[in-house]
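Per-entry structural report
Next come the chains, spelled out residue by residue.
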Amino acid sequence: MSLVDPKAVQARCVRLNAKAENAAAIAPVVERHALTRGRTDLVIEVKAAAVNPSDVKAATGLMPYAVFPRTPGRDYAGVVIDGPAGTVGREVFGSSGDLGIRRDGTHATHLVVEADAVVEKPKAVSWEEAAGIGVPFVTAMEGFRRAGLPKSGETVLVFGVNGKVGQAAVQIATWQGARVIGVVRKAEFYEGHSNAPVEVIDASVTDVAARVREVTGGKGADIVFNTVGDPYFQAAHKSLGLRGRQILIAAIDRIVQFNILEFYRGQHTYVGIDTLGLSSAATGAVLRDLGPGFTSGHLKPFPIKANAVYPLERAKEAYDAVAGSSRDRVILKP
């Protein structure tokens, strides 16, 4: 393809033509659409694209700014086939808060994105693995960037430690030299990669805050990464040490009881993270901060199971798997 004059590409795209009443009613179809890029954009041949819970939520109208009809999908990995001089042939991956929500996304054979949105794919990482990095690692890293990166000697408490954002938070925190304690809602071990041992607290049988105080000599956690939200809000609040920071990324019930006295006397900071507010370029900047970790092996992509990879024509099954709270990283492979 020309490096100077952008040309239209005929792409096969998963399309959501109307809002679904619920997850079971999502009815994706595969259509052909012509894609053209702006002068500074890239056309990417998509090798793999992840399916995130936000893709399913946006399909059911839980995100009022989601447009219809559109191609869903926020995460991707692929090869640049058209773009400014020097870009063609690059193997890249990326993610976004607006792709697949406010504009056409990644569940397609081809994708148009800004040149500064993409990150070089590490050679040792497969297409499927690279496509699975996006939203979970961006959410975890943006939380730490906003709250202050963990330091050696600090304690990070992760609620929902076996979720994908929880696992990404563990990897990043232990890469930075912090001690990590994980919280689960039933007896289970930590399932992900870590650069140091992770103690796991079973919240169904243990007072989380009391245990955290016990193992930190009464100090409490420096950072609480709450990937679940309100069900753990009080336990997270009680676990925070002096000048501790709680990162929040989710909610089931929107309203919680909040002890303002304990908050200001503890000199606490609460940080809210919504990666849907990040543009493709802003997301690319976060991913570039993670690059050295993947290169060094301190950060590892999530393993992808063969039965969690679907062709575009089986997008409905992929969305159903994610709606059913599958712990697998679900991938579409054009």
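The structure reproduced in this document is the subject of the present report. Predicted, not measured: the structure shown is a model, and the values here were computed from it. (Residues numbered from 1 in each chain as written. Predicted model: local features only at pLDDT ≥ 70, side-chain atom pairs only at ≥ 80, totals over all residues. Heavy atoms only, no water.)

This next bit is on helix 3 (residues 134-147). Taking 1.5 Å per residue as the helical rise, helix 3 with its 14 residues ought to reach 20 Å, and the 20 Å between its terminal C-alpha atoms agrees with that figure. Counting buried positions along helix 3 gives 12 out of 14 residues, so the element sits mostly inside the fold. Following helix 3 by one or two positions, Gly148 has its phi on the positive side, about 105°. (Helix = DSSP H or I, 4+ residues; strand = E, 2+ residues; numbered from the N terminus. Expected span 1.5 Å × (residues − 1). Buried < 20%, exposed > 50% of the residue type's maximum accessible area, 1.4 Å probe, protein only.)

Let's shift gears to the environment of Ala251. Here Ala251 is to be found in the loop between strand 12 (240-248) and helix 7 (260-265). It is 23 Å that separates the C-alpha atoms of Ala251 and Gln267, two residues lying 16 residues apart in sequence. Not counting residues up to four positions away in its chain, the partners in contact with Ala251 are Val228 and Asp230. (Contact = heavy atoms within 4.5 Å.)

This paragraph deals with the pattern of salt bridges. Enumeration according to the criterion identifies 23 salt bridges in this entry. Connected through salt bridges with shared partners, the residues Arg15, Glu31 and Asp104 form a single ionic network. (Salt bridge = Lys/Arg side-chain N within 4 Å of Asp/Glu carboxyl O.)

Time to look at the packing of aromatic side chains. One pass over the full model with this rule turns up nine aromatic pairs. Members of the aromatic cluster, each reached through a chain of ring pairs, are Phe233, Phe258, Phe263 and Tyr270. One Lys or Arg, Lys121, reaches over the ring of Trp127 and ends 4.9 Å from the middle of that ring. It is Lys164 that lies over the ring of Phe302; its NZ or CZ is 5.5 Å from the centre. (Phe/Tyr/Trp six-rings, centres within 6.5 Å; stacked < 30°, edge-to-face > 60°. Lys NZ or Arg CZ within 6 Å of the ring centre and 35° of its normal.)

For the rest of this paragraph, the subject is the layout of surface pockets. Of the voids in this model, the second largest pocket is the one considered here, and its volume is about 200 Å³. In this structure, the second largest pocket is lined by 14 residues; those nearest its centre are Lys164, Gln167, Glu191, Pro303 and Arg327. Among the residues forming the lining of the second largest pocket, the class breakdown is three nonpolar, four polar and seven charged. (1 Å grid on protein atoms, 1.4 Å probe; cavity = no way out; pocket = protein on both sides within 12 Å on 5 of 7 lines; lining within 4 Å. Points joined across faces, edges and corners; volume = space filled by probe spheres on them. Nonpolar A, V, L, I, M, F, W, Y, C, P; charged D, E, K, R; others polar.)

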